[in-house]
Amino acid sequence: MKEVFKIKVTLVKNILEANTRIAEQNRKLFADRNVMAINIMSAPGAGKTTLIERTIKALKQNFEIAVIEGDIQSTYDAEKIAATGASVVQINTGGACHLDGNMISEVVDQFDLDLIDLLIIENVGNLVCPAEFDVGENFKVMLLSIPEGDDKPLKYPLIFNESSVLLINKIDLLPYVDCSVEKIRRESLKINPDLEIFEISCRKEEGLVGWYKWLEKKMEKR
Amino acid sequence: MHELALIESVMETVLEEMKRNNLSRVESITLRIGKMRQYVPDALTFGLECLSKDTPLEGAKLIIEEIPIKGHCSKCNREFIFKNMLDNTCPSCGEITSRITSGKELELVEFEGGV
């Protein structure tokens, strides 16, 4: 009878290494073409698409902006963005709850990157998975709307830790919901002291100037 | 849901390494995962069960080492465990630290199999 040996193969490697490699290629491509890429992440319904519409409207005089729309299905958001005049590509993940480096690299040649200054990537609405997957962006931007509640930093710390900017949206609804912006600020900064926080209302177009200025400053430095 | 994407990635690597090492079966796969990653061990195990059906990885046992979130206090040079991400006050001197030294791990450590 054949003797059975047990063989142990030791690897100790990052499980998402393949994704990180592709994301780094994307990042290098963006840098070579002088494109700044931001990855916008939030829960469903926090207002990502409206934020992008407002941002395009405010900055399109000075910058050429393109958008990658990530959704599980539908082209509803992409149509809204197309109406602003910005070039847009829709990715339907077909069930996947986040975008990854490979999805971005597969669509990026649909843009003429030499003509683009700012690439906005709208991730799938979800507070967990998008924070895990590097897509090759320069900055991760998180949007949290106050009806979601002020317990989110504690419940979803990774996304707060990974983001460079936190936009607290729908502040016009503060009189109607039990949510402490002060608590969100305090707890987010505990998780990530370098986080830039802006309180905004996309609907009322309030508080957005600080966000635009932040973007413009980063664009100048790119 | 991110559990499935992670398991897919693990399976890809293990299947490649099996070929390289001329192995035909795998008994166990060991992962090291930081608590901050918010992976649910049971969902990972279930994910492997579902995705490995009719592959050489079918029946492999998943061993998950969960790594606590730890921070380093720059004031008293001490490492301590956070109960959660907001519990980042140094227990010996009260300094708040956000320098995480562990808890974000996402590693495929090893697997054990046979020819």
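In what follows, the structure referred to is the one given above.
Scoring rules and cut-offs
Residues numbered from 1 in each chain as written. Chains lettered and ligands numbered in written order. Predicted model: local features only at pLDDT ≥ 70, side-chain atom pairs only at ≥ 80, totals over all residues. Heavy atoms only, no water. Helix = DSSP H or I, 4+ residues; strand = E, 2+ residues; numbered from the N terminus. Buried < 20%, exposed > 50% of the residue type's maximum accessible area, 1.4 Å probe, protein only. Contact = heavy atoms within 4.5 Å. Areas by Shrake-Rupley, 256 points an atom, 1.4 Å probe, with all protein chains shown as cover. Salt bridge = Lys/Arg side-chain N within 4 Å of Asp/Glu carboxyl O. Core = buried A, V, L, I, M, F, W, Y, C linked by side-chain atoms within 4.5 Å. Pairing = 2+ DSSP bridges. Axes fitted to C-alpha atoms, helices over the stretch in contact; angles between N-to-C directions. 1 Å grid on protein atoms, 1.4 Å probe; cavity = no way out; pocket = protein on both sides within 12 Å on 5 of 7 lines; lining within 4 Å. Points joined across faces, edges and corners; volume = space filled by probe spheres on them. Nonpolar A, V, L, I, M, F, W, Y, C, P; charged D, E, K, R; others polar.

J.: Any chance you could explain the overall build of chain A here in plain terms?
T.: Helix and strand content of chain A: eight helices and eight strands. Each principal axis of the C-alpha atoms in chain A carries an extent, and together these give about 80 × 45 × 35 Å. Split into buried and exposed, the 222 residues of chain A put 54% on the buried side. For chain A, the share of sequence-separated contacts (at least 6 apart) that also reach a separation of at least 24 residues comes to 72%. Taken as a whole, chain A presents about 10,100 Å² of accessible surface, with 48% of it coming from carbon and sulfur.

J.: Even after reading the chapter, I still don't get the pattern of salt bridges, so can you show me in this structure?
T.: Any two side chains of opposite charge can pair, so long as their charged atoms come close to each other. One pass over the full model with this rule turns up 28 salt bridges over all chains. Notably, a salt bridge pairs A:Arg54 with A:Glu205, separated by 3.8 Å at the nearest N-O pair. Within this pair, whereas A:Arg54 is found in helix α2 (residues 48-59), its partner A:Glu205 is found in the loop between β8 (196-199) and α8 (208-221), the two being separated by 151 residues in sequence. Judged by relative accessible area, A:Arg54 falls into the buried class, the value being 18%. A:Glu199 serves as the salt-bridge partner of A:Arg185, at 2.8 Å between the closest nitrogen and oxygen. Note that A:Arg185 is positioned in helix α7 (residues 181-191) and A:Glu199 in strand β8, a separation of 14 residues in sequence. For A:Glu199, a relative accessible area of 30% puts it in the partly exposed group. Where salt bridges share partners, they join A:Glu24, A:Arg27, A:Asp134, A:Glu137, A:Lys140, A:Glu162 and B:Lys104 into one cluster.

J.: Honestly, the nonpolar core in this entry has me stumped. Any pointers?
T.: It is characteristic of soluble globular proteins that their nonpolar side chains tend to be buried jointly. A:Ile38, A:Leu51, A:Leu167 and A:Trp211 are the most contacted members of the largest nonpolar core, which totals 29 residues. Of the residues forming this core, the biggest block, six residues, is contributed by α8(A). Ranked by size, the runner-up nonpolar core spans 27 residues in total, among them A:Leu158, A:Leu166, A:Ile191 and B:Leu86.

J.: Can you walk me through the sheet that holds strand β3 (residues 65-71) of chain A in this structure?
T.: For sheets, the rule is that strands pair by backbone hydrogen bonds, running either parallel or antiparallel. All names here are of chain A. In spatial order, the strands read β4-β3-β5-β2-β6-β7-β8; together these seven strands make up an open sheet with parallel pairing. Taken across any chain shown, the strands that pair with only one partner, and hence form the sheet edges, are β4 (87-92) and β8. For this sheet the average axis-to-axis angle between neighbouring strands, irrespective of direction, equals 20°.

J.: I'm lost on the layout of surface pockets in this one. Help?
T.: Summary: where empty space remains is shown by rolling a probe the size of a single water molecule over the atoms. Each pocket or cavity is described by its volume, and for the largest pocket that value is around 470 Å³. In terms of lining residues, the largest pocket is bounded by 18 residues, among which A:His98, A:Asp100, A:Phe133, B:Ala5 and B:Glu8 are the most central. For the lining of the largest pocket, the element with the most residues is helix α1 (residues 2-20) of chain B, which contributes five residues. Residue classes in the lining of the largest pocket are distributed as 11 nonpolar, four polar and three charged. No other element matches α2(A), which puts three residues into the lining of the second largest pocket. Looking at the lining of the second largest pocket residue by residue, the class counts come to four nonpolar, seven polar and five charged.

J.: Just to check I follow, could you spell out the sheet that holds strand β1 (residues 25-34) of chain B for this structure?
T.: Pairing is mixed in the open sheet, where four strands are placed in the order β1(A)-β6(B)-β1(B)-β2(B). Because the sheet does not close on itself, it has two edges, and the strands there are β1 (7-14) of chain A together with β2 (61-67) of chain B. Recorded for the sheet is a direction-independent mean angle of 15° between the axes of neighbouring strands. Where β1(B) meets strand β6 (residues 106-114) of chain B, eight bridges bridge the pair, whose relative direction is antiparallel.

J.: In this structure, what is going on with empty space enclosed by the protein? I would like to understand it.
T.: In this structure the tally under the stated criterion is one cavity of 30 Å³ or more. Approximately 40 Å³ is the volume attributed to the largest cavity. As for the largest cavity, its lining consists of A:Leu127, A:Val128, A:Ala131, A:Glu132, A:Tyr156, A:Pro157, A:Leu158, A:Ile159, B:Met36, B:Arg37 and B:Gln38. Considered class by class, the residues forming the lining of the largest cavity number eight nonpolar, one polar and two charged.

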